[in-house]
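One-letter residues, chain by chain:
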Amino acid sequence: MLKRICLLVVLIAICIPARAEESVLSTLHKGHPRLMALDTDLARVREAIKSDPMARAWHEQVRKSADKMIEMPPIEHVLIGPRLLDKSRTLVTRVSTLAGLYRLDGDKKYAERAKKEMLTAAAFPDWNPKHFLDTAEMSNGMGIGYDWLFDYLSNEEKATIRKAIVELGLKEGLKVYEKGSWWAKATHNWNQVCNGGMTVGALAIATEEPELSAKIVDYARKSIPRAMGSFAPDGGWNEGPGYWGYADQYTTFFFAATTTALGTDFGLLKSPGYRDTGYFRINFISPIDKTFNYADAHEGAGDAYCMMWMAKALERPAYAAHERAHVRNATIFHLLWWNGEGQWPEKNTPLAGLWKGVDVALMRTSWTEKDAIWVGFKGGDNKANHSHLDLGTFNLDAFGQRWAEDLGSDNYNIPGYFGAQRWTYYRLRTEGHNTLTIDDENQEPKAAGPIVAFSAKPEKMFAVADLSAAFGKKLTSWKRGVGIIDQKRVVVIDEVQAASPVKVVWNFHTMAKVEVSADGKSATLSEGGKTMPLHIAAPGNAVFKAISAERKPPEATNAGATNLTIELGEKVTRAEIKVVMGAGPAGTETLAAWVKEGGK
């Protein structure tokens, strides 16, 4: 009897993991389509296209894009550097656009072209699992097409596509999950993209491949909370606005797929900070639709169809309103997730915000005027994925122009970009950003700079960061404050202390024409028929000096970029540098007063 009991216990223990995996699919939506937008959703979308001018314009825009895709040759298995990612993303865009339009409009020419794209990708020798983003995005696109075109594809075509999803996608992902390695443990965009792509692929073929699909979804739902934790506590994202978009795109794909296919988000929509992360995007976009492009980011805001889905799922209608106001190139997902609710700006929307989790402050003088002053400022963490050595950097837009530039990321394929040569490239080095350099050296790659004071008062918006760790033992203290005062001028104040004399250089990058006064105490920037005056309020011996920021290949050339520096003329152990930009007097602002007023 005892032996039978022991045997029963062993059998139960063996079966528990399998049951746990199978239970993930216990609520699987029967039939197809089951991913991201059900057939029951399409009537609402068609009605919006008929009744809403914006939805109708988007539909026409998407159709024009699809018609161009039909004329293009299918993707090829061609890597750029170590990546197939360009081709994977092309497949996702083409298949979702063409298959989505077929679902909306019923035109078989779109389905036929999407099928051709998928069968081409299915014949690839691999989806480049060495750079797994490529595999994940390909799995996502193929999963979407398989699900959305299920009734259009022949049994043979479905078998071919399904085999590719299994062999080239899911089994490669299972290897990573089972080892618990790399992106499965990551806390940044790789986690969301890889888990999102694997989940979409798995749910698409879950009826035919239940065991493998259940394993993938079970692993993904346990892995993705690592990255969801990076939204805490307030929705900021330390990889910068570009990777905010990438991470949220695939976070949305993950949840949009699980909620339609399984009826659950596994409780993860309540992850701290996630519900408010759309406000981070809204604030990091300036009045002229440029971003605070720190880390490996470009300045263009781009489109974010995830905001349409998030508006409903997170009960934030303002997200949809903001996205509607900023869309330039509507996508199929803008249509399928159409949301005509909300308004932006919302009533009593603050003009400034602080994201404590990533130590970023964003300030503006108006939500409705293109000529408004807008500033993005960061302390941050140099250890963050895709970071540059840029603690203390800032962007400045005013009068409809960008004055203080972040030059953005460089070409990922230049030698050592993500390796030993990373900090040798100008755009990633400290001198390539709008911050201080000490003895012409880089900041410490492991340094962090918390924001220690903040004010959102319209007449006095500011943030102060403690950047003392930026240069290791070279400095005993460094605080930087950036503020918009009286809705008229931007003030930047640095206070530096060192045990031994150091060379301090203030850096400010701009694409504007620069004219420095004869005495070096002031400078005037000119761009687009507008001007921006800058004045050194302290110290008395400081002068502006305009230096070309242009570089030679293989680096980005930075054509037309100037670094407007301030040099002190001698090494110092203490320095206060105060620069005023815009209209009005220098004022009496001090860091001590700001810290006292806005400190925690």
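Residues numbered from 1 in each chain as written. Predicted model: local features only at pLDDT ≥ 70, side-chain atom pairs only at ≥ 80, totals over all residues. Heavy atoms only, no water.

A. Representation of the overall build of the chain in the model. Tallying secondary structure elements over the chain gives 16 helices and 20 strands in all. Referenced to the eigenvectors of the C-alpha coordinate spread, the extents of the chain come out at roughly 85 × 70 × 45 Å. A separation threshold of at least 6 residues defines the contact pool for the chain, and within that pool the share at least 24 residues apart is 69%. For the chain, the accessible surface area stands at approximately 24000 Å², while carbon and sulfur atoms represent 53% of it. A gap of 3 Å separates the mean positions of the 73 positive and 71 negative side-chain charges of the chain. (Helix = DSSP H or I, 4+ residues; strand = E, 2+ residues; numbered from the N terminus. Contact = heavy atoms within 4.5 Å. Areas by Shrake-Rupley, 256 points an atom, 1.4 Å probe, with all protein chains shown as cover. Lys, Arg positive; Asp, Glu negative; His and termini not counted. Charge placed at Lys NZ, Arg CZ, Asp CG, Glu CD.)

B. Just the sheet that holds strand β10 (residues 460–466), in detail. Read from one edge of the open sheet, eight strands run β9-β10-β11-β12-β20-β17-β16-β15, paired in antiparallel fashion. Only two strands of the sheet have a single partner each, and these edge strands are β9 (451–457) and β15 (513–516). When strand polarity is set aside, the average angle formed by the axes of neighbouring strands in this sheet is 15°. Sheet topology note: the β15/strand β16 (residues 522–527) ladder contains four bridges and is antiparallel. Residue pairing across strands places glutamate 515 opposite threonine 524, the latter belonging to β16. Contacting β9, β10, β11 (477–485) and β12 (489–502), helix α16 (residues 591–598) runs over the sheet at an angle of about 100° to β10. (Pairing = 2+ DSSP bridges. Axes fitted to C-alpha atoms, helices over the stretch in contact; angles between N-to-C directions.)

C. Highlighting the environment of lysine 370. Relative to the elements of secondary structure, lysine 370 occurs in the loop between β2 (360–364) and β3 (374–378). Along the chain, lysine 370 and phenylalanine 399 lie 29 residues apart, while their C-alpha atoms are 7.2 Å from each other. Here the side chain of lysine 370 touches proline 287 through a polar contact of 3.0 Å, landing on its backbone oxygen. (Polar contact = N/O pair within 3.5 Å; in protein donor to acceptor, adjacent residues only side chain to side chain.)

D. Quick look at the confidence of the model for the chain. Looking at the chain, pLDDT values average 95 and 96% of them are 70 or higher. When the criterion is pLDDT under 50, residues 1–18 qualifies, and its contacts beyond four places in sequence or with other chains add up to zero contacts. (pLDDT = per-residue confidence, 0-100.)

E. Looking closely at helix α4 (residues 85–105). Here α4 spans 30 Å end to end across 21 residues, near enough to the 30 Å set by a 1.5 Å rise per residue. Phi turns positive one or two residues past the end of α4, at glycine 106, with a value near 80°. (Expected span 1.5 Å × (residues − 1).)

F. Structural context of α16. Among all positions of α16, only Leu591, Trp594 and Gly598 are buried. For α16, the arc enclosing every buried residue in end-on projection is 60°, short of the 170-degree limit, so these residues lie on one face. Among the exposed residues of α16, those oriented more than 90 degrees off its buried face are Ala592 and Lys596. Elements that come into contact with the buried residues of α16 comprise β9, β10, β11 and β12. (Buried < 20%, exposed > 50% of the residue type's maximum accessible area, 1.4 Å probe, protein only. Arc of directions from axis to C-beta.)

G. View of the environment of asparagine 339. Mapped onto the elements, asparagine 339 comes out in the loop between α15 (332–336) and β1 (352–355). Taking the C-alpha atoms as reference points, asparagine 339 and leucine 568, separated by 229 residues in sequence, lie 55 Å from one another. Non-local contacts of asparagine 339, meaning those with residues more than four positions away in its chain, are made with Met308, Ala311, Lys312, Ala320 and Arg324.

H. Just the pattern of salt bridges, in detail. For the structure shown, the criterion picks out 36 salt bridges. A salt bridge links arginine 89 to glutamate 137; the shortest N-O distance between them is 3.0 Å. Here arginine 89 is found in helix α4, whereas its partner glutamate 137 is found in helix α6 (residues 132–148), with 48 residues between them in sequence. Among the residues examined, glutamate 137 registers a relative accessible area of 3% and is labelled buried. Two residues, lysine 222 and aspartate 218, come together in a salt bridge whose shortest N-O distance is 3.0 Å. Taken together, the residues span about one helical turn, with lysine 222 and aspartate 218 both in helix α9 (residues 210–223) at a distance of four residues. The exposure class assigned to aspartate 218 is buried, which follows from its relative accessible area of 5%. Connected through salt bridges with shared partners, the residues Lys290, Glu299, Asp397 and Arg402 form a single ionic network. (Salt bridge = Lys/Arg side-chain N within 4 Å of Asp/Glu carboxyl O.)

I. Region of interest: the sheet that holds β1. The five strands lie next to each other as β1-β2-β3-β5-β6, forming an open sheet whose pairing is antiparallel. Taken across any chain shown, the strands that pair with only one partner, and hence form the sheet edges, are β1 and β6 (401–404). Between one strand and the next, the sheet's axes are offset by a mean angle of 15°, whatever the strand orientation. Pairing between strand β5 (residues 394–398) and β6: three bridges, direction antiparallel. Its bridge partner being in β6, alanine 398 is matched across the sheet by glutamine 401.

J. Broad picture of the layout of surface pockets. Here the second largest pocket defines a volume of roughly 400 Å³. Taken together, 18 residues make up the lining of the second largest pocket; nearest its centre are Arg44, Trp309, Lys312, Ala313 and Trp337. Within the residue set of the lining of the second largest pocket, elements represented by two or more residues are α2 (39–51), α11 (240–261) and α13 (306–313). Broken down by class, the residue content of the lining of the second largest pocket amounts to eleven nonpolar, three polar and four charged. (1 Å grid on protein atoms, 1.4 Å probe; cavity = no way out; pocket = protein on both sides within 12 Å on 5 of 7 lines; lining within 4 Å. Points joined across faces, edges and corners; volume = space filled by probe spheres on them. Nonpolar A, V, L, I, M, F, W, Y, C, P; charged D, E, K, R; others polar.)

K. Quick peek at the environment of leucine 119. In this structure, leucine 119 sits in helix α5 (residues 108–122). In sequence terms leucine 119 and alanine 164 are 45 residues apart; their C-alpha atoms lie 9.1 Å from each other. In contact with leucine 119, other than residues within four places in its own chain, are Glu157, Thr160 and Ile161.

L. View of the nonpolar core. Core analysis: the largest hydrophobic core is formed by 179 residues, its most contacted members being Met36, Met142, Phe280, Trp337, Trp506, Phe508 and Met581. Element by element, the count of residues in this core is highest for α11, at eleven residues. Beyond its immediate sequence surroundings of up to four residues, methionine 36 is in contact with Asn140, Ile144, Trp148, Val200, Phe253, Ala256, Ala257, Thr260, Phe333 and Trp337. Counting residues in each nonpolar core, the second largest holds nine residues, with Phe462, Val464, Ile485 and Trp594 among its members. (Core = buried A, V, L, I, M, F, W, Y, C linked by side-chain atoms within 4.5 Å.)

M. Looking closely at the packing of α11 against helix α12 (residues 277–284). One way to put it is that α11 packs onto α12 with a least axis distance of 11 Å and a crossing angle of 145°. In this structure, the crossing between α11 and α12 has a hand that is left-handed. Counting all contacts with α11, which are made through Pro241, Trp244 and Asp248, the residues of α12 involved are Thr277, Gly278, Phe280, Arg281 and Phe284. (Left-handed = near helix turned anticlockwise from the far one by under 90°.)

N. Spatial organisation of the pairing of β2. Among the five residues that make up β2, five are buried, leaving the element largely enclosed by the rest of the structure. Residue alternation in β2 divides its side chains into two sets, Val360, Leu362 and Arg364 and Ala361 and Met363, and both sets are buried. With four bridges joining them, β1 and β2 adopt antiparallel strand pairing. The residue of β2 that forms the bridge with leucine 354 is alanine 361. Hairpin geometry of β1 and β2 is characterised by an intervening segment of four residues between the two adjacent antiparallel strands and by a positive phi of about 55° at aspartate 359. For β2 and β3, the ladder comprises five bridges, and the chain directions are antiparallel. What sits directly across from alanine 361, in β3, is phenylalanine 377.

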